[in-house]
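Here is what each chain is made of, one letter per residue.
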Amino acid sequence: MSLIPDDVIEQVREAADIVGIIGEHVELRRTGADFRAACPFHGGTHRNFAVIPKKGMFYCFVCHEGGDVFTFFMKKLGMDYPTAVREVARRVGIAIPERGPTGPDPREPLYGAVAAAADWFARQLRESPEAQVARDYLASRHLELEVVLPLGLGYAPRSKALLDAMKGLGVREEVLLEAGLLVKREDGTVLPRFRGRLLFPIHDLRARVVAFGGRILGEGEPKYLNSPDSPVFHKGKLLYNLHVAKHAMRKAERAILVEGYFDVLRLSLAGIEEVVAPLGTGLTPDQAQLLARHAPHVTLLYDSDDAGLRATFRAGDELLRQGLRVSVATLPPGEDPDTLVQKQGAAGLEAILKDAVDPLERKIQILDRKAFFASLPGRRRALDRLLPTIRAAKDPITRELYISRAAEAAGVRKDVLEREAGMREAGSGMRPTDPTHPASRISHPVLPASAEKALVLLLLEGEPWLARVTEAVDAEELEFAPYRAVFEAITDDAVLALDDTSARTYEQLKEEGLGERDPNEMYELAVSWMEARRLERQLQQLDDQLPFESPERQASLIAEKRRVFDELRKRYPRYKIAARRRGAPGT
């Protein structure tokens, strides 16, 4: 059987009148915004079967059958998925263009296994005595079981019961392993991947369950665990709730990006449908492209603590690279989207969304509050934090506005900042690829490979080094990309989200450790070296600025250069020798 293009399936689903189609088989009556009927699947007489046109889905609160318009034909008339799509397409007058290859999808057993597991997990949440801990946890977060069951939430027991249940359904063990539902230990024993967790189903754009995100209940690590990548699931290429939110995103012409499953759940239940979340990782280019396909404007609604701000600006830069309009909403201290909506409802959240500002403006607000613009060294460091966002702006008008605003805030000439912004475009090859040679004109053979490596090694030691290093250095200052990624993952407690290259770097650093090296000496040398690099950049900026200034202003800049150079010599005594060798100005 030929495959049907995904965009055609979406077109058919959006064109389908789910109320009219299901209404041909059951007698529907309007109840508020939804429609109710006696369930056609379990033969009930009460109106427990709901059709929810806003979400394009149906659900029975008794037998718990649910899905979209295609699922209805599959469950009611015994059709397979392609036949159901063709039948709905015929009713709405859309022609189905066929494409190869012919034959069944080889991934179909994986889809079937994950769907069977999702049904089983949902039944555990409803009925299992062991799942009382999950039901109590939902109640503690003011979420009623009847409200979340249509969304497919489930519970994974701590036992191996999933194995027996799937075996009884004829699902082979190797399929469960490939789908990420089982893990094989080194001794060959097989266990369910998810144990003792509340599960959130993750859907692809066709609304098929392809993976799960699990929240631990009780003691255990990690707090959240996602399915691994598989032939049907790539966590960097999907967004949680996009299969539902995409319709609302097109209608509202905006998307709201939050951090967690519960944030999505709470906003959706409050009637704010255009909300999605990454899957336990920082926003990827593929996820940003997905958002760009469905909405022109994205509002970032992350936590306002330090980790949340770092994630906000990384996501904002990724979205700007896709040419999207981006806003940053600021939550009150100590609040997240879930708690805020519980207290103030959708109206309270909409007020915060209305006050959202551009990501560059938000950065400037934070830097100004921390007095970065009160001194010349501070202004240089502030620009180091603003430049990634300026460079990320794909839209030329947005970039022009960013340069003007940053130049105004930092008190530098716009043409100087334009040259600086153009120095390291993405893909220009300016960043180093050798971890033993970070991009600086200063050599420093004393440190183990580099100051950046030394700082990451110290981070891996935990407290108190974690606090000392993060107070002295920002992740953005690390120029070797894998070190920067590991630095961010450690500080954000997101090591499991590292990509392959960064994960290998992390493992190598963990294996190396500090050895016999003195951590205090490493810290002092590394921080001093990083500060020297900041000062060196400041010198370069002053050199760039000098030719364009008046004689009076040049005298002031030369005096500032002398002060910076003297400070640089104190932190790095050999710098003067190295600078003379390369003929640097000001020596």
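Check the entry above for the structure.
Given the structure is predicted, the values throughout are model-derived calculations rather than measurements. Note that residues are indexed from 1 along each chain, following the sequence as it is written. Given that this is a predicted model, residues contribute local features only at a pLDDT of at least 70 and side-chain atom pairs are listed and counted only at 80 or more, while totals for whole chains, interfaces and linings are drawn from all residues. Excluding hydrogens and water, the side-chain figures rest on all heavy atoms present in the structure.

Colleague: Honestly, the pattern of salt bridges in this entry has me stumped. Any pointers?
Modeller: Where charged atoms of side chains with opposite charge meet at close range, the side chains can pair. In what follows, salt bridge is the name for a side-chain nitrogen of Lys or Arg lying within 4 Å of a carboxyl oxygen of Asp or Glu. Taken as a whole and judged by the stated rule, the model has 30 salt bridges. Two residues, aspartate 338 and arginine 141, come together in a salt bridge whose shortest N-O distance is 2.6 Å. Note that aspartate 338 is positioned in helix H14 (residues 337-354) and arginine 141 in the loop between helix H6 (132-140) and helix H7 (145-148), a separation of 197 residues in sequence. For the exposure calls, accessible area comes from a 1.4 Å probe over protein chains only, and a residue counts as buried if that area is under 20% of its type's maximum, exposed if over 50%, partly exposed in between. Overall, the relative accessible area of 2% leaves aspartate 338 in the buried class. Two residues, glutamate 488 and arginine 314, come together in a salt bridge whose shortest N-O distance is 3.5 Å. Taken together, the residues glutamate 488 in helix H21 (residues 481-491) and arginine 314 in helix H13 (residues 306-321) connect sequence positions 174 residues apart. By relative accessible area, which is 29% here, arginine 314 ends up partly exposed. Here the residues in one salt-bridge network are Glu10, Arg13, Asp68 and Lys246, joined through shared partners. A run of H or I in DSSP becomes a helix once it reaches four residues, and a run of E becomes a strand once it reaches two; helices and strands are each numbered from the N terminus.

Colleague: Explain unusual backbone geometry to me, please; I cannot follow it from the model alone.
Modeller: Between glutamate 221 and the following residue, proline 222, the backbone shows a cis peptide bond with an omega angle of -5 degrees. Secondary-structure assignment places proline 222 in the loop between strand S10 (209-216) and strand S11 (224-226). You will see that alanine 371, though not glycine, has its phi angle at about 65 degrees, which is positive. Mapped onto the elements of the fold, alanine 371 is located in the loop between helix H15 (359-369) and helix H16 (376-392).

Colleague: Sorry, what's going on with the pairing of strand S15 (residues 325-328) here?
Modeller: Looking along a regular strand, one sees side chains alternate from face to face of the sheet. The sheet contact formed by strand S14 (residues 297-300) and S15 spans four bridges and is parallel. Across the sheet, histidine 297 pairs through a bridge with arginine 325, a residue of S15. Once you follow S14 into H13 and on to S15, the crossover reads as right-handed. Here a strand pair is declared whenever DSSP counts at least two bridges between the two strands. With the strands pointing away from the viewer, any crossover whose connection runs clockwise from the first strand over the helix to the second is right-handed.

Colleague: Just to check I follow, could you spell out helix H11 (residues 261-269) for this structure?
Modeller: Along an α-helix, residues three or four positions apart point the same way, because every turn accommodates 3.6 residues. Extensive coverage of H11 is indicated by the burial of eight of its nine residues. All of the buried residues along H11 are Tyr261, Phe262, Asp263, Val264, Leu265, Arg266, Leu267 and Ser268. Of the residues one or two after H11, glycine 271 is the one with positive phi, at around 95 degrees.

Colleague: I'm lost on the nonpolar core in this one. Help?
Modeller: If you look at soluble globular proteins, the nonpolar side chains tend to sit buried side by side. Phe121, Met166, Leu198, Phe212, Leu267 and Leu301 are the most contacted members of the largest nonpolar core, which totals 69 residues. By definition, residues are in contact when any of their heavy atoms lie within 4.5 Å. In contact with leucine 198, other than residues within four places in its own chain, are Leu125, Ala134, Tyr137, Leu138, Gly154, Tyr155, Gly213, Gly214, Arg215, Leu217 and Phe262. Only buried residues count toward a nonpolar core, which is a set of Ala, Val, Leu, Ile, Met, Phe, Trp, Tyr and Cys residues joined through side-chain atoms within 4.5 Å. Leu290, Leu324, Ile390 and Ala406 belong to the second largest nonpolar core, which has 43 residues in total.

Colleague: Please clarify how the side chain of aspartate 336 should be interpreted in this entry.
Modeller: For aspartate 336, the location among the structural elements is in the loop between S15 and H14. Put simply, aspartate 336 is tucked away with no salt bridge, and the nearest opposite charge, on arginine 141, sits 5.2 Å away. Any pair of nitrogen or oxygen atoms within 3.5 Å is treated as a polar contact; in protein, a donor-acceptor pairing is required on top of that, and neighbouring residues in sequence qualify only through side-chain atoms on both sides. Only 3.1 Å separates the side chain of aspartate 336 from the backbone nitrogen of aspartate 338, close enough to count as a polar contact. With residues up to four places along the chain from it excluded, the contact list for aspartate 336 reads Asp263, Asp303 and Leu331. In this count, Lys and Arg are taken as positive residues and Asp and Glu as negative ones, while His and the chain termini are left out.

Colleague: Quick question: what am I supposed to make of the sheet that holds strand S5 (residues 66-67) here?
Modeller: Whether parallel or antiparallel, the strands of a sheet pair through hydrogen bonds between backbone atoms. Ordered in space as S1-S2-S3-S4-S5, the five strands form an open sheet in which the pairing is antiparallel. Each of the sheet's edge strands pairs with one partner strand only, and the pair in question is strand S1 (29-31) and S5. Judged from the three bridges that link them, S1 and strand S2 (residues 34-37) form a sheet pairing that is antiparallel. Looking at the pairing, threonine 31 lines up with aspartate 34 of S2.

Colleague: What is the right way to read the state of the cysteines from this model?
Modeller: Covalent bonding between the sulfur atoms of two cysteines defines a disulfide. A pair of sulfur atoms, both from cysteines and within 2.5 Å, is called a disulfide here. Applying the stated criterion to the full structure yields zero disulfides. Not part of a disulfide, cysteine 39 finds its nearest cysteine sulfur in cysteine 60, a span of 3.6 Å. Of all cysteine sulfurs, the one in cysteine 63 lies closest to cysteine 60, which takes part in no disulfide; the gap is 3.6 Å.

Colleague: Hey, could you run me through the sheet that holds S10 in this one?
Modeller: Read from one edge to the other, the open sheet built from four strands follows the order S6-S9-S10-S11, with strand pairing classed as antiparallel. Edge strands, defined here as strands with exactly one partner in the open sheet, are strand S6 (154-156) and S11. Each strand of the sheet is rotated relative to its neighbour by a mean of 35 degrees, with strand direction disregarded. The pairing of S10 with S11 spans three bridges and is antiparallel. From the neighbouring strand, glycine 213 faces S11, where its bridge partner is asparagine 226. Between N-to-C directions, angles cover 0 to 180 degrees, with each direction set by a line fitted to C-alpha atoms, over the stretch in contact for helices. Sitting on the sheet, helix H5 (residues 108-127) touches S6, strand S9 (197-203) and S10, and the angle it makes with S10 is about 40 degrees. Here H6 sits on the sheet and contacts S6, S9 and S10; the angle it forms with S9, its principal contact strand, is near 75 degrees.

Colleague: What's the story with the pairing of strand S4 (residues 57-60) in this structure? I'm lost.
Modeller: Neither face of S4 is exposed, since Met57 and Tyr59 on one face and Phe58 and Cys60 on the opposite face are all buried. Two strands pair when backbone bridges link them, and strand S3 (residues 49-52) and S4 are joined in this way by four bridges, in the antiparallel orientation. Looking at the pairing, alanine 50 lines up with tyrosine 59 of S4. Where S3 folds back on S4, the antiparallel hairpin that results is connected by four residues, among which glycine 56 adopts a positive phi of roughly 65 degrees. Pairing between S4 and S5: two bridges, direction antiparallel. Residue tyrosine 59 lies in a different strand from S5, and its bridge partner there is glycine 66. Counting the residues in the hairpin turn of S4 and S5 gives five residues, including histidine 64, whose phi is positive at 70 degrees.

Colleague: Is there a simple way to explain the packing of aromatic side chains in this structure?
Modeller: Classification of ring pairs rests on two measures: the distance between centres of Phe, Tyr or Trp rings, Trp counted by its six-membered ring, which must be within 6.5 Å, and the angle between planes, read as stacked under 30 degrees, edge-to-face over 60 and tilted in between. Inspection of every chain in the model, using the stated rule, returns 19 aromatic pairs. Note on tryptophan 120 and phenylalanine 121: the rings are 5.6 Å apart at their centroids and 65 degrees apart in plane angle, and the pair reads as edge-to-face. Residue tryptophan 120 shares its accessibility class with phenylalanine 121, and that shared class is buried. Aromatic side chains phenylalanine 200 and tyrosine 261 sit 4.9 Å apart centroid to centroid with 15 degrees between the ring planes, which places their arrangement in the stacked category. With phenylalanine 200 in strand S9 and tyrosine 261 in helix H11, this pair connects stretches of sequence that are 61 residues apart. The exposure class assigned to phenylalanine 200 is buried, which follows from its relative accessible area of 0%. Pairwise contacts between aromatic rings join Tyr137, Phe200, Tyr224, Tyr240, Tyr261 and Phe262 into one cluster. The lysine or arginine in question, arginine 141, covers the ring of phenylalanine 262, its NZ or CZ lying 3.8 Å from the ring centre. For a Lys NZ or an Arg CZ to count as sitting over a ring, it must be within 6 Å of the ring centre and within 35 degrees of the ring normal. Cation over ring: arginine 468 sits above tyrosine 523, and NZ or CZ is 4.1 Å from the ring centre.

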